[in-house]
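# Summary of the model geometry
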Amino acid sequence: MAVISRIHCFIGFCFLLLHYGFQVESSHQVYYTDSEYELLSTATPTFTENQPHKTGFHFQPTKNWINDPNGPMIYKGIYHFFYQYNPTKAVWGDIVWAHATSTDLVNWMHHAYAMYPSEPYDINGCWSGSVTILPGEKPVILYTGKDHQNRQVQNLAVPKNLSDIFLTEWVKIPQNPLLVPTPVNGINASEFRDPTTAWKGHDGRWRMLVGSKRNGHRGLAILYRSKDFIHWTKSQHPLHSATKNGMWECPDFFPVYLNSSKNGVDTSVISSTVKHVLKLSLDDTKHDYYTVGKYLHDKDKYIPDHGSVEGDAGLRYDYGKFYASKTFFDSEKNRRILWGWINESDARGDDVKKGWAGIQAIPRSLWLDKSEKQLVQWPVMEIEKLRKEHVTLGNKELKMGSVLEVSGVTASQVDVEVSFDLKALEKAEIMDPRWVNPQLLCSKKGASVKGSFGPFGFLVLASKNLEEQTAIFFRVFKAPKRFVVLMCSDQSRSSLSESPELDKTTYGAFLDVNPLHEKLSLRSLIDHSVVESFGGEGKVCISARVYPKMAIDNETHLYAFNNGTQSIRISDLNAWTMGKAKII
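How each quantity is defined
Residues numbered from 1 in each chain as written. Predicted model: local features only at pLDDT ≥ 70, side-chain atom pairs only at ≥ 80, totals over all residues. Heavy atoms only, no water. Helix = DSSP H or I, 4+ residues; strand = E, 2+ residues; numbered from the N terminus. Rg over C-alpha atoms; globule rule 2.2 N^0.38 Å. Buried < 20%, exposed > 50% of the residue type's maximum accessible area, 1.4 Å probe, protein only. Contact = heavy atoms within 4.5 Å. Areas by Shrake-Rupley, 256 points an atom, 1.4 Å probe, with all protein chains shown as cover. Lys, Arg positive; Asp, Glu negative; His and termini not counted. Charge placed at Lys NZ, Arg CZ, Asp CG, Glu CD. Disulfide = S-S within 2.5 Å. Phe/Tyr/Trp six-rings, centres within 6.5 Å; stacked < 30°, edge-to-face > 60°. Lys NZ or Arg CZ within 6 Å of the ring centre and 35° of its normal. Pairing = 2+ DSSP bridges. Core = buried A, V, L, I, M, F, W, Y, C linked by side-chain atoms within 4.5 Å. pLDDT = per-residue confidence, 0-100. Polar contact = N/O pair within 3.5 Å; in protein donor to acceptor, adjacent residues only side chain to side chain.

Our next topic: the overall build of the protein. Along its length, the protein carries four helices and 40 strands. By the compact-globule yardstick of 25 Å for 584 residues, the protein fits well, its C-alpha radius of gyration being 24 Å. For the protein, with 584 residues in total, the buried portion stands at 62%. Taking the contacts inside the protein whose residues are at least 6 apart along the sequence as the reference set, 65% of them involve residues at least 24 apart. Total accessible area on the protein is roughly 23300 Å²; 51% of this is exposed by carbon and sulfur atoms. Separation of charge centres in the protein, based on 66 positive and 63 negative side chains, amounts to 5 Å.

Written out as structure tokens, the structure is:
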């Protein structure tokens, strides 16, 4: 970074400086030079040559550690993706804001780091944050820095050159840090992070949230207001809080349309035609939860709908590996897009050996379900441009014990969709009212435990003789006056590795679909070591990381199966080999 006074003053940027009162004559100390960070970023780790678990069409850099998506946005038709990155190792630490751009959310080009530790207020890390587009198409970044006292403080950065559509250079303003935790404001210096995208209220003032906690267990979404985006005032009350949640990380707050509209909504829209969503990443559980509710903008208070709660009794974007997610409004295609980090399930030593750790989920379009009680997610349509060889089948009966191979595609890198048709549901297994935890139920009744209707679904990343397999499946139960659909992702047989550090957790969720009137649908995106599955056209999503030893590359197989006593019918199945995304 150079001193602010050396920045060439172009019209748009100068307007931003003057409008917000930036002190252009100020300078700041440099801790690391661009060339030093370039050396760090090009350092070559020692890793194995064979990389069977590296993904083909998910976003991941060539090497090293990644975690949270930071401030995704679209600017002048170009998608920008920022993410937490360690330039030197495949473990967390030395965090910078890495930056890549795309025209299609599939193929990406990397640029210089948007930000790296260089100032007293972020010398120990440039942590997560968000982008806000100010009037006149002026993007700014709010982010958390870990300062020289190891406090978490909130800072602002702006583009050096707004005419550069790739926004390759960012400048930290002299007024940083904008927000500092102190005993006076009652905020713990180690529990104050991840500012949200800001929104503008009817009074013309900006609002944003910062995650925190109080008294060790109450999660907080602290609300701040500002007239100029520089000077922020803490609200007397948080936008929302809840007990027994612990630290609220990476909050996200945005509107969604009512009336089954799949269109997205700009973050600042306040209207009777929208509800609001508050998403929280709970540090205690390492899962993302969300509630749907009402934003009382005159009181700056958020009230979740009845029954919409934070925590394991509530709703999650994804019931598997998925954390620290962030949405943005795509103004070009009028949609809201969700990004999320999928971390590894193997041992830290394995990550160091292979030289990389972490991927990003496929970006998902997100909207409110017609029930207005939950969200629906679906992979962005652009991912379909990677589809290649195509196989299809339909009207296929699967009797008890059937295992049907889906051949003609590359099973290690494939997109597969299926719809199941069920008859005679009165024969379904009785639902025990004590079965309230879907993950435990999936563990208890795995892919090999016969029921009436189910388990049935896919066996993916499977070896020829099924020694290794990851099962994504449904089970249908009969409860008083309704049927209950359980969706599971069973990793228990995903790898022959006997490492005690390999996480083979089985995931599960209840799916709000009535099989009497709707076909059960399942889509899985399979990419070497990740399986992203979408049940009921996106009402439930489950992502898993698996590391087979036999079922790799050309030795990978894909099957449809039915292990229930009742026959089911595949009404429609389509599978496509997926091409490789270009990430340079």
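Applying the stated rule across the entire model yields one disulfide. Cysteine cysteine 126 shares no disulfide, and the gap to the nearest cysteine sulfur, in cysteine 250, comes to 15 Å. The structure places no disulfide on cysteine 541, whose sulfur is separated from the nearest cysteine sulfur, that of cysteine 442, by 15 Å.

This next bit is on the packing of aromatic side chains. One pass over the structure, following the stated rule, counts 31 aromatic pairs. Between the aromatic rings of tryptophan 65 and tryptophan 341, the centroid separation amounts to 5.8 Å while the plane-to-plane angle is 65°, which identifies the pairing as edge-to-face. Here tryptophan 341 lies in strand β22 (residues 335-342) and tryptophan 65 lies in strand β1 (residues 64-69), a separation of 276 residues in the sequence. Every member of this aromatic cluster is reached through a ring pair, and the members are Phe59, Phe81, Tyr83, Tyr85, Trp108, Tyr113 and Trp339. Over the face of the ring belonging to tryptophan 356 we find lysine 354, whose NZ or CZ atom lies 4.1 Å from the ring centre. Residue placement shows arginine 387 over the ring face of tryptophan 576; its charged tip is 3.6 Å from the ring centre.

Here the focus is the pairing of strand β19 (residues 301-304). The two faces of β19 differ: Tyr302 and Pro304 on one face are buried, but Lys301 and Ile303 on the other face are not. Strand direction decides the pairing type here: strand β18 (residues 287-296) and β19, joined by four bridges, are antiparallel. If you follow glycine 293 over to β19, its bridge partner there is proline 304. Between the end of β18 and the start of β19, which pair antiparallel, lie four residues, with aspartate 300 showing a positive phi angle near 50°.

Here we take up the nonpolar core. Counting residues in each nonpolar core, the largest one holds 42 residues, and the members touching the most others are Phe420, Leu422, Phe474 and Leu520. When residues of this core are assigned to their parent elements, the largest contribution, five residues, is made by strand β32 (residues 453-462). Of all hydrophobic cores here, the second largest spans 21 residues; its members include Leu134, Leu142, Leu156 and Trp206.

Do not read the predicted coordinates in detail wherever pLDDT is low. Predicted confidence across the protein gives a mean pLDDT of 91, with 92% of residues reaching 70 or more. Between residues 1-47, whose pLDDT stays under 50, and residues either more than four places distant or in other chains, the model counts 91 contacts.

Residue asparagine 176 is joined to proline 177 through a cis peptide bond whose omega torsion reads -5°. Tracing the chain through its elements places proline 177 in the loop between β9 (170-172) and β10 (192-193). Positioned with a positive phi, asparagine 259 is a non-glycine residue whose angle comes to about 65°. On the accessibility criterion, asparagine 259 (64% relative accessible area) is exposed. Not every positive phi belongs to a glycine, and glutamate 537 is a case in point at roughly 60°. In this structure, glutamate 537 sits in the loop between β37 (530-535) and β38 (540-545).

The next point concerns the side chain of glutamine 374. Note on placement: glutamine 374 falls in the loop between β25 (364-368) and β26 (375-379). With relative accessibility at 9%, the residue glutamine 374 sits in the buried group. Here lysine 539 takes part through its backbone oxygen, which lies 3.0 Å from a polar atom of the side chain of glutamine 374. Excluding residues within four positions of it along the chain, glutamine 374 makes contact with Tyr290, Leu315, Trp367, Leu368, Asp369, Asp512 and Lys539.

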